[in-house]
Amino acid sequence: MEILELMKQRHSVRQYKDIAVVSKQRTVLNELIEKINHDAGLHIQIFYDEPQCFDSMKARYGHFAGVKNYIALVGKKSPQMDEVLGYYGEEIVLKIQELGLNSCWVAVTHGKSKADICKDEKELCLIAFGHGETQGVPHKDKPLQAVCNYTENMPEWFLNGVEAALLAPTAMNQQKFFFELSSDGTVNASCGRGFYTKLDFGIVKYHFEMGSGRKV
Ligand SMILES: Cc1cc2nc3c(=O)[nH]c(=O)nc-3n(C[C@H](O)[C@H](O)[C@H](O)COP(=O)(O)O)c2cc1C
């Protein structure tokens, strides 16, 4: 399936059915995570059939139910860590969608994960996943003019990138990012200030690159 179609189908899902992730799906996700960890020097970990992390007050308050599978986004502390984990985390999220499963990024409303976190590392966020009770609902988008220097007759690749960026999940749907197309055809991407905006920025960059076919 086209990546833009997967982006359109993906919505946050917080309630899950009691159906196990099958071994074929596990193999795909395990191999992707192994490759990402190897290539990007990260320590992302995946947990199946582990209900305790989301069996907490915080998770219930956040309307999570039936979560038994999750991914812990762990990396070495550095100024780039948030953006890198966002970028690769979203690659995993779209793979989860391609496998016919559902997901939700969760920075706050979860309990303690089983992740192994070394001294110089940090667990930044989790991704809950599994067979959703529903497929979720589309989020509200900011207008194009609020997230890029929109003018008439912009190249299609750039608009495809911005459209993909608007489909990206962001913390509290804040969509604090901006893509600027210069007259020489280069793209300058920037992120606003606030909670998890750097993590969001990595997610959004992944969407822009996949949508436009160009690196930022
Ligand atoms: C970095 C990040 C952190 C998030 N943390 C939480 C969270 O703690 N609890 C929660 O219920 N949703 C969380 N979300 C999900 C967002 O609320 C959701 O992505 C946003 O409202 C857009 O909706 P959508 O994912 O359905 O497109 C988080 C999303 C991101 C990207």
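On a predicted model such as this, the values are computed, not experimentally measured, just so you know.

Trainee: Provide a residue-level description of the sheet that holds strand β4 (residues 121–130), including the pertinent values.
Mentor: Read across the open sheet, the four strands follow the order β1-β2-β4-β3; overall the sheet is antiparallel. Two strands bound the open sheet, and with one partner strand each, they are β1 (45–47) and β3 (102–106). Here the strands of the sheet are splayed against their neighbours by 20° on average, with no regard to which way each runs. Looking at chain direction, strand β2 (residues 69–76) and β4 are connected through eight bridges and run antiparallel. Counterpart to glycine 75 in the pairing with β4 is lysine 122.

Trainee: Now, about the confidence of the model for the chain: what can you tell me, with residues and values included?
Mentor: Taken as a whole, the chain shows an average pLDDT of 97; of its residues, 100% reach a score of 70 or greater. Across the chain, β1 holds the top mean pLDDT of 99, while helix α3 (residues 57–61) sits lowest at 91.

Trainee: Can you break down the site of the ligand residue by residue, with the values?
Mentor: Near the ligand lie 20 residues; those nearest to it are Arg10, Ser12, Arg14, Thr109 and His139. Note that an oxygen atom of the ligand is positioned 2.6 Å from one of the side-chain N or O atoms of serine 12. With respect to the ligand, the side chain of arginine 14 contributes an N or O atom lying 2.7 Å from an oxygen atom. Burial of the ligand by the protein amounts to 88% of the accessible area it has alone, namely 620 Å². Elements that contribute at least two residues to the shell around the ligand include exactly β3 and α7 (197–212). Counting residues per element, the shell around the ligand draws most heavily on α7, at three residues.

Trainee: Provide a residue-level description of the environment of methionine 172, including the pertinent values.
Mentor: Looking at where methionine 172 falls in the secondary structure, it is placed in the loop between α6 (156–166) and β5 (177–181). Sequence-wise, methionine 172 and glutamate 83 are 89 residues apart; in three dimensions their C-alpha atoms are separated by 17 Å.

Trainee: Please provide a residue-by-residue account of the pairing of β5, values included.
Mentor: The two faces of β5 differ: Phe177, Phe179 and Leu181 on one face are buried, but Phe178 and Glu180 on the other face are not. Strand direction decides the pairing type here: β5 and strand β6 (residues 187–191), joined by five bridges, are antiparallel. Bridge pairing links glutamate 180 to asparagine 188 in β6. A loop of five residues connects β5 with β6, the two strands running antiparallel in sequence, and glycine 185 in this loop sits at a positive phi of about 90°.

Trainee: Kindly report on the state of the cysteines, identifying the contributing residues and their values.
Mentor: A complete count under the given rule lists zero disulfides for this structure. Summary of cysteine pairing: cysteine 53 is not part of a disulfide, and the nearest cysteine sulfur, belonging to cysteine 125, is at 11 Å. For cysteine 53, a relative accessible area of 0% translates into the label buried. In this structure cysteine 118 is not part of a disulfide, and its nearest cysteine sulfur, from cysteine 53, lies 18 Å away.

Trainee: Describe the pairing of β3, naming the residues involved and giving the relevant values.
Mentor: Counted residue by residue, β3 has five buried out of five residues, so it is predominantly covered. The two faces of β3 match: Asn102, Cys104 and Val106 on one face and Ser103 and Trp105 on the other face are all buried. Pairing between β3 and β4: five bridges, direction antiparallel. Bridging from a neighbouring strand, tryptophan 105 pairs with isoleucine 127 of β4.

Conventions used here
- Here the residue numbers are simple positions, counted from 1 along each chain's written sequence.
- Reporting in this predicted model follows two pLDDT cut-offs: at least 70 for local features of residues, and 80 or more for side-chain atom pairs to be given and counted; totals over whole chains, interfaces and linings ignore these cut-offs and use all residues.
- Neither water nor hydrogens contribute to the side-chain values; these are computed over all heavy atoms in the structure.
- Two strands qualify as a pair provided that DSSP identifies no fewer than 2 bridges between them.
- Only DSSP runs of H or I with at least four residues qualify as helices, and only runs of E with at least two residues qualify as strands; both kinds are numbered from the N terminus onward.
- Structural elements are reduced to axes, namely lines fitted to C-alpha atoms, with helices fitted over the stretch in contact, and the angle between N-to-C directions of any two is expressed from 0 to 180 degrees.
- The pLDDT value tells you how sure the predictor is about a given residue, anywhere from 0 up to 100.
- Any residue with a heavy atom positioned within 4 Å of a molecule or strand is treated as near that molecule or strand.
- Residues adjacent in sequence count toward polar contacts only when both atoms are side-chain atoms; beyond that, a polar contact is any pair of N or O atoms within 3.5 Å, and within protein one must be able to donate a hydrogen and the other to accept it.
- All accessible areas in this document rest on Shrake-Rupley with a 1.4 Å probe, and a residue is counted as covered only by the protein chains that are shown.
- Partly exposed describes any residue whose relative accessible area lies between the buried limit of under 20% and the exposed limit of over 50%, with all areas from a 1.4 Å probe on protein chains only and scaled to the type maximum.
- Cysteine sulfur pairs qualify as disulfides if the two atoms are within 2.5 Å.

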